[in-house]
Amino acid sequence: MLKAALDRDTQNRPFERSIKQFGEIVMAEPALLAKLEETRDANSFIATYCKLASEKGIHFTPDDMRIVVQEQKQGSNWVIPKAVLKIVRERF
């Protein structure tokens, strides 16, 4: 039943897959995480996250990212890695 719900959500919100994919890359490449840590506020964090993802061929919008960040800050819908969530909590 949980798998069916996950499959449904992934189909309805395909941007989550892209954001999660980039999060895995961030965790594998410390230089990307360092660039995110350099951001000063929520808008620069989102812009940087989207730009870095785009440079890796992964695309989603700033609005998609805002949705994921807000949901994850509320403790649901785990899409971005915990190390990135720490940065989010400091910026938002």
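Structure first, text after, so check above.
Residues numbered from 1 in each chain as written. Predicted model: local features only at pLDDT ≥ 70, side-chain atom pairs only at ≥ 80, totals over all residues. Heavy atoms only, no water.

(A) How the structure looks around the side chain of arginine 91. With respect to the helices and strands, the residue arginine 91 is situated in helix H6 (residues 82-91). Within the structure, arginine 91 has its side chain in polar contact with the side chain of glutamate 90 (distance 3.0 Å). Other than its neighbours up to four places away in sequence, arginine 91 contacts Leu36, Glu37, Glu38, Thr39, Arg40, Asp41, Ala42 and Phe45. (Helix = DSSP H or I, 4+ residues; strand = E, 2+ residues; numbered from the N terminus. Polar contact = N/O pair within 3.5 Å; in protein donor to acceptor, adjacent residues only side chain to side chain. Contact = heavy atoms within 4.5 Å.)

(B) Structural detail: the side chain of glutamate 16. You can see glutamate 16 is positioned in helix H2 (residues 15-28). When its relative accessible area of 10% is taken as the criterion, glutamate 16 is described as buried. (Buried < 20%, exposed > 50% of the residue type's maximum accessible area, 1.4 Å probe, protein only.)

(C) Geometry of H2. Between its first and last C-alpha, H2 extends 20 Å over 14 residues, near the 20 Å set by a 1.5 Å rise per residue. Listed as buried for H2 are Phe15, Glu16, Ser18, Ile19, Phe22, Gly23 and Val26. Take H2 and look down its axis: the buried residues cluster within an arc of 160°, on one side only. Seen from the buried face of H2, the exposed residues on the opposite side, beyond 90 degrees, are Arg17, Glu24 and Ala28. Summarising the contacts, the buried residues of H2 are in contact with helix H3 (30-37), helix H4 (42-55), helix H5 (62-73) and H6. (Expected span 1.5 Å × (residues − 1). Arc of directions from axis to C-beta.)

(D) Geometry of the packing of aromatic side chains. Scanning the entire structure with this criterion turns up four aromatic pairs. Between phenylalanine 22 and tyrosine 49 the ring centres are 5.0 Å apart and the planes differ by 85°, which places this aromatic pair in the edge-to-face class. You can see phenylalanine 22 sitting in helix H2 and its partner tyrosine 49 sitting in helix H4, a full 27 residues away along the chain. There is no split in this pair, since phenylalanine 22 and tyrosine 49 are both buried. Taken together, the ring pairs connect Phe22, Phe45, Tyr49, Phe60 and Phe92 into an aromatic cluster. (Phe/Tyr/Trp six-rings, centres within 6.5 Å; stacked < 30°, edge-to-face > 60°.)

(E) Summary view of the pattern of salt bridges. Evaluation of the coordinates by the stated rule reveals six salt bridges. For glutamate 55, the salt bridge goes to lysine 51, with nearest N and O atoms at 2.9 Å. Of this pair, glutamate 55 and lysine 51 both sit in helix H4, four residues apart, which is roughly one turn of the helix. Taken together, the shared-partner salt bridges in this structure form one network comprising Arg13, Glu16 and Glu71. (Salt bridge = Lys/Arg side-chain N within 4 Å of Asp/Glu carboxyl O.)

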